[in-house]
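Each chain, written out:
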Amino acid sequence: MSIADHFPPPLRGRPFRVREALHRGVPASRLRSRRLCRPFHGTRCWTPPTSRADRARAVAPRLRYDQAFSHTTAAHLLGIPLPRRLEADRRIHVTTIGKDQAIRVRGTVGHRTRAHLANVVRSGTTPIVDPATTFVMLAAFLTVDELVIPATRWSGG
């Protein structure tokens, strides 16, 4: 019997918040099991997140309704190529839209913006700032040349 069999079906196969598991009746002792991965404070998942997309999915249960993936994380999730120096950054960028506090979790970078400056789209259940807003946000990380040259130059192709 696997550890997942001891959890309610809605929690199986996806990252979840500890708080949600406790509300669903999972004992705290089971949430401390070494067989569960702890990618971010307050979240658990079944397998270690290896890719940036996996890490984003692991932090997604922590996002509030006014938060979305942004900057280099949004670019990655949207399939926008980035220079190698930014691809190597494992941190997850999250923007809070409005006046509430930015996310403060180890392994993430929190940003804030005003509502009229960012549009949010959804990829499945994942909130992401739209491609145009992502491009504007990337301007803080990329040189002018990197913003306009073909992506094949970044990868050496």
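Here we summarise the structure given alongside this text. Model, not experiment: these values are computed from the prediction. (Residues numbered from 1 in each chain as written. Predicted model: local features only at pLDDT ≥ 70, side-chain atom pairs only at ≥ 80, totals over all residues. Heavy atoms only, no water.)

### Brief notes about the packing of helix α4 (residues 71-78) against helix α6 (residues 131-138)
Contact geometry for α4 and α6: axes closest at 9 Å, N-to-C directions at 135°. It follows that α4 is oblique to α6 by the angle criterion. When you trace α4 past α6, the crossing you get is left-handed. Each of H71, T72, A74, A75 and L78 in α4 lies in contact with α6, whose residues at this interface are P131, T134, M137 and L138. Class assignment for the residues of the contact of α4 with α6 results in six nonpolar, three polar and no charged. (Axes fitted to C-alpha atoms, helices over the stretch in contact; angles between N-to-C directions. Helix = DSSP H or I, 4+ residues; strand = E, 2+ residues; numbered from the N terminus. Parallel < 35°, antiparallel > 145°, perpendicular 65-115°, else oblique. Left-handed = near helix turned anticlockwise from the far one by under 90°. Contact = heavy atoms within 4.5 Å. Nonpolar A, V, L, I, M, F, W, Y, C, P; charged D, E, K, R; others polar.)

### Remarks on the nonpolar core
As a rule of thumb, soluble globular proteins bury nonpolar side chains together. If you look at the biggest cluster of nonpolar residues, it comprises 11 residues: I3, A4, F7, L11, F16, V18, A21, V26, L31, L36 and W46. Aside from chain neighbours lying at most four places away, what touches L31 is F7, F16, V18, A21, L22, V26, L36, R38 and R44. Grouped together as the second largest cluster of nonpolar side chains are 10 residues, A58, V59, L63 and V94 included. (Core = buried A, V, L, I, M, F, W, Y, C linked by side-chain atoms within 4.5 Å. Buried < 20%, exposed > 50% of the residue type's maximum accessible area, 1.4 Å probe, protein only.)

### Some remarks on the pairing of strand β4 (residues 92-97)
Burial analysis of β4 places six of its six residues in the buried class, which makes it a mostly covered element. Along β4, one buried face is formed by I92, V94 and T96 and the opposite face, lined by H93, T95 and I97, is buried too. Pairing of strand β3 (residues 67-69) with β4, which is carried by three bridges, proceeds in the antiparallel orientation. Note that in β4 the partner of A68 across the bridge is T95. Here β4 runs beside strand β5 (residues 108-113); their pairing, made up of six bridges, is parallel. When the sheet's bridge partners are listed, H93 is paired in β5 with V109. (Pairing = 2+ DSSP bridges.)

Keep in mind these numbers describe shape, not what the thing actually does.
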